[in-house]
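Below are the chains, spelled out letter by letter.
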Amino acid sequence: MMEAVHEDGGYDRNKELKLFDETKAGVKGLVDAGLTKLPKIFVHDNHKVNVSSFSSATNVTIPVIDLGSLHEEGNSRHEIIQKVKDAGENWGFFHVVNHDIPQCVLDEMLDGVRRFHEQDAEVKREFYSRDITKRVFYNTHFNFYKASEVNWRDTLSCLLAPGPLDPHQLPCICRDVTIKYLDHVKKLALTLLELFSEALGLERSYLKDIDCAKGIFMLGHYYPPCPEPELTWGLSSHTDVGFVTILLQDLVGGLQVFYENQWIDVTPIPGAFIINLGNMMQLITNDKFISVKHRVLAQKVGPRVSVSCSLRQHVQDECLRMYGPIKELVTKENPPIYKEMKMSDLVKLAYTKELDDDVSLLKHFRI
Ligand code: OGA
Ligand code: NI
């Protein structure tokens, strides 16, 4: 099903998209070719121009949660859980530091993604695809043909869990580090799910037991420097679909999150992860925890690299488990506001919709 061709004084948008897609060289290919003006497919509507070019004017920052004392005796676990509860209820976004994953693994992972995107174009184009049933592929802007403007970004997508993942499906240039990184991220994911469970007043293993950590979908983003950053986005405003996203960014910056009616910068903290709650978490907690909008600016500086690992199932894993608001969290006064659904329903919806300011896909599952 194709969207309408946008005819505009002879300009055939669909043709432009197709020509760009067929190069299989991504945004990186345009930058390598020395482009100085943005092709029209990347230019977003005029009304957005004014907002996109400004970084936030406020000094408000997302909470930072130190996991270093998690295993110590005393009150520290309780204090961490209180902070996680506050962040889940009011922010949907926070940094974690002292998470036990060695700095060299973080550096190598970011470097692996950078190397993937900067490798020989002929090798890379073998991975170029828009077939979302593949476990591993790369492209520019996942729903390219549906979006009103294409984002200034190339992304390597890898479905890392559930298995079976044949390591040979991963690009050779970042295979070993991805496997090592996955091992660490899985442990951090379980630690976080324990904290979220307890912050919700549930048994420590509750969220793990309902398979919240079963799927891991990794995105290796590469945001090349942009010659006209005020005309486009690195990543349009959206909320994530999974339960939790564990996001690693390099030190370039450009990520913003929507908090109390304004966009605030998520300034990089070396060695930290950004933890971001997704739509599924909001659904199973019956809106107790929130999933908030975020976006990435296009910038003159770059490339910027980030690695996002979302705890979520994907389209090909027909997860038979039904999810709805957790029974223990609903009462007569606080009745369920969402229907029971399959996670794949939400994921499929996310791939057919445009990323947009009015993003909550959750509205489709409201009672
Ligand atoms: C995402 C995301 C932000 C970034 O992958 O969903 O929001 O910094 N990424 O790349
Ligand atoms: Ni996101």
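Residues numbered from 1 in each chain as written. Chains lettered and ligands numbered in written order. Predicted model: local features only at pLDDT ≥ 70, side-chain atom pairs only at ≥ 80, totals over all residues. Heavy atoms only, no water.

The name given to the protein in an unreviewed UniProt entry is Fe2OG dioxygenase domain-containing protein, with the source organism recorded as Arachis hypogaea. What UniProt records for the protein under Sequence similarities (unreviewed entry) is the sentence "Belongs to the iron/ascorbate-dependent oxidoreductase family." Per UniProt, the protein has the following entry under Cofactor (unreviewed entry): "Fe cation". (UniProt positions renumbered as here; feature names shortened; annotations may be inferred.)

Observations concerning the state of the cysteines
According to the stated counting rule, one finds zero disulfides in the structure shown. Cys174 takes part in no disulfide bond, and the closest cysteine sulfur to it belongs to Cys158, at a distance of 6.4 Å. (Disulfide = S-S within 2.5 Å.)

What to know about the packing of aromatic side chains
Scanning the model with the defined rule gives 11 aromatic pairs in all. Pairing Phe258 with Trp263 gives two aromatic rings, centres 5.0 Å apart and planes at 55 degrees, and the pair type is tilted. Judged by its relative accessible area of 15%, Trp263 falls in the buried class. In this structure an aromatic cluster arises from ring pairing among Phe116, Phe127, Tyr128 and Tyr138. Above the ring of Tyr11, the side-chain terminus of Lys40 is found at 4.4 Å from the ring centroid. A cation over a ring is seen here: Arg295 above Trp263, with NZ or CZ 4.0 Å from the ring centre. (Phe/Tyr/Trp six-rings, centres within 6.5 Å; stacked < 30°, edge-to-face > 60°. Buried < 20%, exposed > 50% of the residue type's maximum accessible area, 1.4 Å probe, protein only. Lys NZ or Arg CZ within 6 Å of the ring centre and 35° of its normal.)

Here's the deal with the site of ligand 1
Lining the immediate surroundings of ligand 1 are 13 residues, of which His221, Tyr223, His294, Arg304 and Ser306 lie closest. Between an oxygen atom of ligand 1 and a side-chain N or O atom of Tyr223, the distance comes to 2.7 Å. At 2.6 Å, a side-chain N or O of Ser306 approaches an oxygen atom of ligand 1. Contact with the protein chains covers 96% of the free accessible surface of ligand 1, which is 290 Å². The set of elements that each furnish at least two residues to the shell around ligand 1 consists of strand E7 (216–223), strand E8 (233–238), strand E13 (294–297) and strand E14 (304–311). Along the lines of polarity and charge, the residues of the shell around ligand 1 split into six nonpolar, five polar and two charged. (Near = heavy atom within 4 Å. Polar contact = N/O pair within 3.5 Å; in protein donor to acceptor, adjacent residues only side chain to side chain. Areas by Shrake-Rupley, 256 points an atom, 1.4 Å probe, with all protein chains shown as cover. Helix = DSSP H or I, 4+ residues; strand = E, 2+ residues; numbered from the N terminus. Nonpolar A, V, L, I, M, F, W, Y, C, P; charged D, E, K, R; others polar.)

Quick look at the sheet that holds strand E3 (residues 64–66)
Strand order in the open sheet formed by eight strands is E3-E4-E12-E9-E14-E7-E6-E5, and the pairing between neighbours is mixed. Across the chains shown, the open sheet's two edge strands, defined by having one partner strand only, are E3 and strand E5 (136–140). Averaged over all pairs of adjacent strands, the angle between their axes in this sheet comes to 25 degrees, without regard to strand direction. The pairing of E5 with strand E6 (residues 154–161) spans five bridges and is classified as antiparallel. For Thr140, the partnering residue across the bridge sits in E6 and is Asp154. Contacts from helix H4 (residues 76–90) reach E3, strand E4 (93–97) and strand E12 (273–277) within the one sheet, and its direction differs from that of E3 by about 155 degrees. In the packing of helix H7 (residues 175–199) onto the sheet, contacts are made with E4, E6, E7, strand E9 (244–249), E12 and E14, and the angle to E9 comes to roughly 130 degrees. (Pairing = 2+ DSSP bridges. Axes fitted to C-alpha atoms, helices over the stretch in contact; angles between N-to-C directions. Contact = heavy atoms within 4.5 Å.)

As for unusual backbone geometry
For the bond running from Ala161 to Pro162, omega is 0 degrees, close enough to zero to count as cis. Relative to the helices and strands, Pro162 resides in the loop between E6 and H7. Following Gly302, the chain continues into Pro303 via a peptide bond in cis, with omega recorded as 5 degrees. Relative to the elements of secondary structure, Pro303 occurs in the loop between E13 and E14. Positive phi is not limited to glycine here, since Glu260 has a value of about 45 degrees. Tracing the chain through its elements places Glu260 in the loop between strand E10 (255–259) and strand E11 (262–265).

Description of the environment of Arg125
Looking at where Arg125 falls in the secondary structure, it is placed in helix H6 (residues 121–125). Each C-alpha atom of the pair Arg125 and Asn139 lies 9.1 Å from the other, and the pair is 14 residues apart in sequence.

As for the coordination of the nickel ion (ligand 2)
Here the nickel ion (ligand 2) is held by His238 (NE2), Asp240 (OD) and His294 (NE2), and the distances to it run 2.0 to 2.1 Å. All donors of the nickel ion (ligand 2) come from a single chain, and their spacing in sequence reads H-x1-D-x53-H. Placement of His238 in strand E8 and of His294 in strand E13 is noted, with a sequence separation of 56 residues between them. Looking at His238, the relative accessible area reads 9%, which means it is buried. (Donors = N, O, S within 2.8 Å, 3.2 Å for Na, K, Ca; no water.)

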